[in-house]
Amino acid sequence: MRIKYSWIFFIPVAILSVVLRVYQILFVDKGIDKNFLNSGRIWLVYAGLVALLYIVLLILCVADKKTSPYYQPKSNLLAGLFGILSAGTLIFNAGMQAGALFSANTTGNTPVVLMINAIFGILGGIILLFMGISSFSGKNLVRKTGIFSALTAIWACIQLVTTFIGYTKHAIHEYDMTNLFYMAFLTLALLHLSMMYQGVAFKNTVKGTLLYGMPGFVTVTVYAVADALKQYDNSRMYDILGSLNTITFMLIGLYVLCMMIEMTVHAKSVDAEIKTDDHYIGKGSLQIEEKTESKDEVSQDKLSDTKINTIDVSDVEDDVNKDLDEVDSVIETMEKEENNPENYSPWSEEYFNRETNSPAKDDEIEKSLEDIDKLIDEISLEDD
């Protein structure tokens, strides 16, 4: 994954940018040293470094075809810490702006701007709090928020627009307008992070977070350090309440930095993701085969038990034939009883015809007649 090489360019650019701005404020702007670089050249070098970093990151993102667009957040203590701190300062700042609505000094469109900043600041702070808790626990709590996960990015975008409108009312040289750049970069980085928590590809959430998060962290760090040095030089103190917006973005930048480190370490390539899916598919099919085999074994056991407990068909036929023979014998006995002359009714026709109908009686009569004929023949022979 070529996007990992971006750290080689990010680290020296971040260090050199901070050193240049600190050198400019402490030495060049005070007139102590102007032989090395003047203020204009320092601004030019600083802008060139940020632009060069962004161009290199863009080239690496385009050349990187292996980084998966999907990423599951892991447990990250530092990211969770900075996420919760940034959410706390964001909600506190939004609460102060909501309280300023009832101030007598608000005129013109200021109440509307304060109300919008307060509403989206509180909602964006809640989403940022969920992000921090998710990094602490390792469980994706932001996914349950759905489309509302982009509220933090929307709040940052509103800050960008209102700050730009405020600068249009003043001369350019009166303010350090580089905060517009870190607001723009961090807005896009937060948008990609929200899409990452939702599991949406959004081209590539991992590469997008690095593409916008790294220049965003560089610019917000340079601005926050320069602002702190200026305040200390002017009043020998740092106005925390007046710098809540800068502090909030600085903590968001640190949160994004920790998330970028986590993504660089744990991000998967597309090939590894496909292999993992194949592994799970193979594992699932293996489990299905094992379950099928176990079911087959159970069915075979049941069949064997059934065979043991069943009766042979031939045995059943013998028993049935035996019972049928008994039934036939009973029926035959009943018919014999019915045809027995002794059981005839005296008023029935069978009773009167019982002798003629009986073949045994007929035989006896014929035999008797033959005996009579023999006897007559013997008597006639004696007379002769």
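Below, the structure is looked at part by part. Every chain is numbered on its own, with residues counted from 1 as its sequence reads. Side-chain atom pairs in this predicted model are given and counted only at pLDDT of 80 or more, local residue features only at pLDDT of at least 70, and totals for whole chains, interfaces and linings cover all residues. Note that water and hydrogens are dropped before the side-chain values are worked out from all heavy atoms of the structure.

### Here's the deal with the overall build of the protein
Thought 1: Helix numbering and strand numbering both begin at the N terminus, where a helix is a DSSP run of H or I of at least 4 residues and a strand a DSSP run of E of at least 2. Within the protein, the secondary structure is distributed over 12 helices and zero strands.
Thought 2: Helices and strands in the protein line up, N terminus first, as α-α-α-α-α-α-α-α-α-α-α-α.
Thought 3: Residue exposure (1.4 Å probe, protein chains only): buried if accessible area is under 20% of the type maximum, exposed if over 50%, otherwise partly exposed. For the protein, buried positions account for 34% of its 384 residues.
Thought 4: Throughout, a contact is declared for two residues whenever any of their heavy atoms are within 4.5 Å. By sequence separation, contacts in the protein at least 24 residues apart represent 77% of the contacts at least 6 residues apart.
Thought 5: Accessibility throughout is a Shrake-Rupley quantity obtained with a 1.4 Å probe, and a residue counts as covered only by protein chains that appear here. A total accessible area of about 23700 Å² is found for the protein, and carbon and sulfur atoms account for 63% of it.

### Side note on the environment of Val-56
Thought 1: Following the sequence through the fold, Val-56 ends up in helix H2 (residues 39–63).
Thought 2: Val-56 sits 155 residues away from Leu-211 along the chain, and the two C-alpha atoms are 9.2 Å apart.

### A few points about the environment of Leu-241
Thought 1: Structurally, Leu-241 is set in the loop between helix H7 (205–235) and helix H8 (244–266).
Thought 2: Residues Leu-241 and Met-96 lie 145 residues apart in sequence; the distance between their C-alpha atoms is 9.4 Å.

### Points about unusual backbone geometry
Only a minority of non-glycine residues have a phi that is not negative, and only a minority of peptide bonds are not trans.
Thought 1: Positive phi values are uncommon outside glycine, yet Arg-236 reaches one of about 60°.
Thought 2: If you trace the backbone, Arg-236 turns up in the loop between H7 and H8.

### Details of the side chain of Gln-231
Thought 1: Positionally, Gln-231 belongs in helix H7.
Thought 2: Classification of Gln-231 by relative accessible area gives buried; the value is 15%.
Thought 3: Non-local contacts of Gln-231, meaning those with residues more than four positions away in its chain, are made with Arg-236, Met-237, Tyr-238, Asp-239 and Ser-243.

### Things to note about the side chain of Thr-246
Thought 1: Tracing the chain through its elements places Thr-246 in helix H8.
Thought 2: Given a relative accessible area of 11%, Thr-246 falls into the buried group.
Thought 3: Not counting residues within four places of it along the chain, the set of residues in contact with Thr-246 comprises Tyr-182, Tyr-223 and Ala-224.

### Side note on H8
Thought 1: In this analysis, the expected span of each helix is defined as 1.5 Å times one less than the number of residues it contains. With 23 residues, H8 should cover 33 Å at 1.5 Å per step; its first-to-last C-alpha distance of 33 Å lies within 8% of that length.
Thought 2: Counting buried residues in H8 gives 17 out of 23 residues, a clear majority hidden from the surface.

### What to know about the nonpolar core
Thought 1: By nonpolar core we mean a set of buried residues, namely Ala, Val, Leu, Ile, Met, Phe, Trp, Tyr and Cys, connected to one another through side-chain atoms within 4.5 Å. Ranked by internal contacts, the top residues of the largest apolar core, which has 65 residues, are Phe-10, Phe-249, Tyr-255 and Val-256.
Thought 2: Of all the elements in the fold, those that place two or more residues in this core are helix H1 (6–28), H2, helix H3 (77–99), helix H4 (110–137), helix H5 (151–167), helix H6 (179–198), H7 and H8.

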